[in-house]
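The chain contents come next:
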Amino acid sequence: MESPSPDSSPDVTGSDIDPSHMLASSEPHPMVIDNICTVSPDWLIKLRLMIVDIRLNISNQLQNAIENSNDSATAVPYYKDIPDLGLREEGTLYRLSPKAFHPNHPHYNGHEVVPFLHERVGYKVGQHNDDEHTALIDGSGWEWVSRKLYLHHREYHIAGIYHLKYQNRWADMNSQGRAHCFERAQSSRYVAMALEAFQKTLFRKGRSNVGSVNATHLQWYHIAKSLAVQPSYVVQGSGCVNDEEPRWKICERATKGFDLHRFVWADNYQNEPNQKEAWPMTDLIFAFIHYTYELSGDRTLIANLVCDESGKLSNLTCYDRYKIPYHSRHSHDMEDAVHTAFTRFVNQHVCNEICEHLGSVYLK
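Predicted, not measured: the structure shown is a model, and the values here were computed from it. (Residues numbered from 1 in each chain as written. Predicted model: local features only at pLDDT ≥ 70, side-chain atom pairs only at ≥ 80, totals over all residues. Heavy atoms only, no water.)

1. Notes on the packing of helix α4 (residues 178-204) against helix α6 (residues 282-295)
- Across the interface, α4 lies against α6 with an axial gap of 10 Å and an inter-helix angle of 105°. For the element pair α4 / α6, the angle class is roughly perpendicular. For the pair α4 and α6, the contacting residues are Tyr-190, Val-191, Ala-194, Leu-195, Ala-197, Phe-198, Thr-201 and Leu-202 in the first and Leu-284, Ala-287, Phe-288, Tyr-291, Thr-292 and Leu-295 in the second.
- For the contact of α4 with α6, the residue count by class is twelve nonpolar, two polar and no charged. (Axes fitted to C-alpha atoms, helices over the stretch in contact; angles between N-to-C directions. Helix = DSSP H or I, 4+ residues; strand = E, 2+ residues; numbered from the N terminus. Parallel < 35°, antiparallel > 145°, perpendicular 65-115°, else oblique. Contact = heavy atoms within 4.5 Å. Nonpolar A, V, L, I, M, F, W, Y, C, P; charged D, E, K, R; others polar.)

Structure (structure tokens):
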């Protein structure tokens, strides 16, 4: 009987292999794949060892090339990429929650318990702002320091360029300026709420009693919508660059406009710009301050306000007629300053068409 030719032999499949026979044999059992080639486990082991040897040879050659190279540009130590912490400070950023209008408490309250978020952040402090910009922070007479700051943050709308503001005298206080910073942040928070109410009131009064639109009133509303309060936060540094700086500082979003004007400050509550036609928001700002005064029941006064050419409001300070700021609660000078501010506002404010349109009461 003739043996079958190789071409006529049946295909070997996994079911044709007896596992018990393979386990019983001490010799490596070849595996036949489609009658084309036979792969031995010993050969696979040798292949793996060859690959390992090749990798080791390549690694050794690269190491020798780096050590023997005279070109320093090709031999960069691994520690060169570690960031220099001296160029970046760290601290905690405090963000107050937005204020909602409450008809029973429409006034500014510096002693209010305000919810806030706090988070660790990194930032880089840059050069000092010019003297003209620093002088606009307020008119209290105290010497301020203002520097540019870039804030690193995971949220893109918070990261960016800010102005870091503080007074060197805070470094000598036990509070390190904590109360001063939060007072400023709370003032910005209140003004943002009042500005939104002001804009809504202008919109409601933009139509006459019969429903027709008044072009002038509509224009006032659109200009008012361009006004916005710059975000103001508080930052507590983990450590100070020098002992002359306080631990707590004001962190206010930088204005984009090149031209700045202080419409309100301690000695002047009707400080109009020289070229009023270049500042279309002038009458609106003075009407807004009057509106806020009446909204609070004659109890809240915006005592400092700076605006840039694009309508961004900054350097805001609010006074409560019946409560002295917490940071100066024992100061008779501050008590006199608050009383004087309310008196000057009533005497200096000049009502305009927008005040009349909103129904504000003439102050004198």
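2. Here we look at unusual backbone geometry
- In this structure, Asp-298 is a non-glycine residue whose phi angle is positive, near 60°.
- Summarising the element assignment, Asp-298 is placed in the loop between α6 and β11 (300-308).
- Using a relative accessible area of 33% as the deciding quantity, one classes Asp-298 as partly exposed.
- Notably, Asn-315 is not glycine yet its phi reads approximately 50°, a positive angle.
- Tracing the backbone shows Asn-315 in strand β12 (residues 312-320).
- Classification of Asn-315 by relative accessible area gives buried; the value is 2%. (Buried < 20%, exposed > 50% of the residue type's maximum accessible area, 1.4 Å probe, protein only.)

3. Points about the sheet that holds strand β6 (residues 160-166)
- The strand order around the closed barrel built from six strands is β3-β4-β5-β6-β9-β8, with neighbouring strands paired in antiparallel fashion. Taken over all neighbouring pairs, the strand axes of this sheet differ in orientation by 45° on average, direction set aside.
- The sheet contact formed by strand β4 (residues 116-128) and strand β5 (residues 145-152) spans five bridges and is antiparallel. In the strand pairing of β5, Val-125 is matched with Leu-149. (Pairing = 2+ DSSP bridges.)

4. Some details on the nonpolar core
- In terms of nonpolar packing, the biggest core is built from 49 residues, with Phe-198, Leu-202, Phe-263, Leu-284, Ile-285 and Leu-305 touching the most fellow members.
- The set of elements that each furnish at least two residues to this core consists of α4, α5 (215-225), β10 (260-264), α6, β11, β12, α7 (332-348) and α8 (353-358).
- Broken down by element, the residue count for this core peaks at nine residues, all from α6.
- Other than its neighbours up to four places away in sequence, Ile-285 contacts Leu-227, Phe-263, Leu-305, Cys-307 and Leu-313.
- In this structure, Val-145, Trp-170, Phe-182 and Val-234 belong to the second largest nonpolar core, which totals 14 residues. (Core = buried A, V, L, I, M, F, W, Y, C linked by side-chain atoms within 4.5 Å.)

5. Some remarks on the side chain of His-163
- As for its placement among the helices and strands, His-163 is situated in strand β6.
- Here His-163 falls in the buried class, since its relative accessible area comes to 5%.
- The contact partners of His-163, leaving out residues within four places of it in the chain, are Asn-129, His-133, Ser-146, Arg-147, Lys-148, Ile-250, Cys-251, Glu-252, Ala-254 and Thr-255.

6. Quick notes on the pattern of salt bridges
- Considering all chains together, one arrives at 14 salt bridges under this definition.
- Glu-112 is the salt-bridge partner of Arg-189, the closest N and O atoms lying 3.5 Å from each other. Of the two residues, Arg-189 sits in helix α4 while Glu-112 sits in the loop between β3 (89-96) and β4, which places them 77 residues apart along the sequence.
- Arg-189 sits in the buried class, given a relative accessible area of 12%.
- On the accessibility criterion, Glu-112 (27% relative accessible area) is partly exposed.
- Across the pair Glu-196 and Lys-200 runs a salt bridge whose closest N-O atoms are separated by 3.4 Å. Taken together, the residues Glu-196 and Lys-200, both in helix α4 and four residues apart, mark about one turn of the helix. (Salt bridge = Lys/Arg side-chain N within 4 Å of Asp/Glu carboxyl O.)

7. Re α5
- Every buried residue of α5 is listed here: His-217, Trp-220, Tyr-221, Ile-223 and Ala-224. Along the axis of α5, the buried residues cluster in a sector spanning 165°; they form a single face.
- Here the buried face of α5 lies against α4, α6 and α8.
- With a side-chain oxygen lying 2.9 Å from the backbone nitrogen of Thr-216, the N-terminal cap of α5 falls on Asn-214. (Arc of directions from axis to C-beta. Polar contact = N/O pair within 3.5 Å; in protein donor to acceptor, adjacent residues only side chain to side chain.)

8. Focus: the side chain of Asn-129
- For Asn-129, the location among the structural elements is in the loop between β4 and α3 (131-134).
- Within the structure, Asn-129 has its side chain in polar contact with the side chain of Ser-146 (distance 2.5 Å).
- Within the local environment of Asn-129, its side chain forms a polar contact with the side chain of Lys-148, the two groups lying 3.4 Å apart.
- Each residue touching Asn-129, except ones within four places of it in the same chain, is listed here: Thr-134, Ser-146, Arg-147, Lys-148 and His-163.

9. Comments concerning the sheet that holds β10
- Reading across from one edge, β7-β12-β11-β10 is the order of the four strands in this open sheet, with mixed pairing throughout. Edge positions in the sheet fall to β7 (228-229) and β10, since each of these pairs with one other strand and no more.
- Judged from the six bridges that link them, β11 and β12 form a sheet pairing that is antiparallel. Its bridge partner lying in β12, Thr-300 is registered against Asp-320.
- On the sheet, α6 packs against β10, β11 and β12 and is oriented at approximately 160° with respect to β11.
- Against the sheet, α7 engages β11 and β12, with an angle of about 110° to β12.

10. Comments concerning a nonpolar patch on the surface
- On the surface, a cluster of nonpolar side chains totalling about 470 Å² of accessible area is made up of Trp-43, Leu-44, Leu-47, Met-50 and Ile-51.
- With respect to the helices and strands, the residue Leu-47 is situated in helix α2 (residues 41-68). (Patch = residues over 30% accessible without salt bridge, like charges linked within 9 Å, V, L, I, M, F, W, Y side chains within 5 Å. Areas by Shrake-Rupley, 256 points an atom, 1.4 Å probe, with all protein chains shown as cover.)

All quantities given are derived from atomic positions and should not be read as evidence of function.
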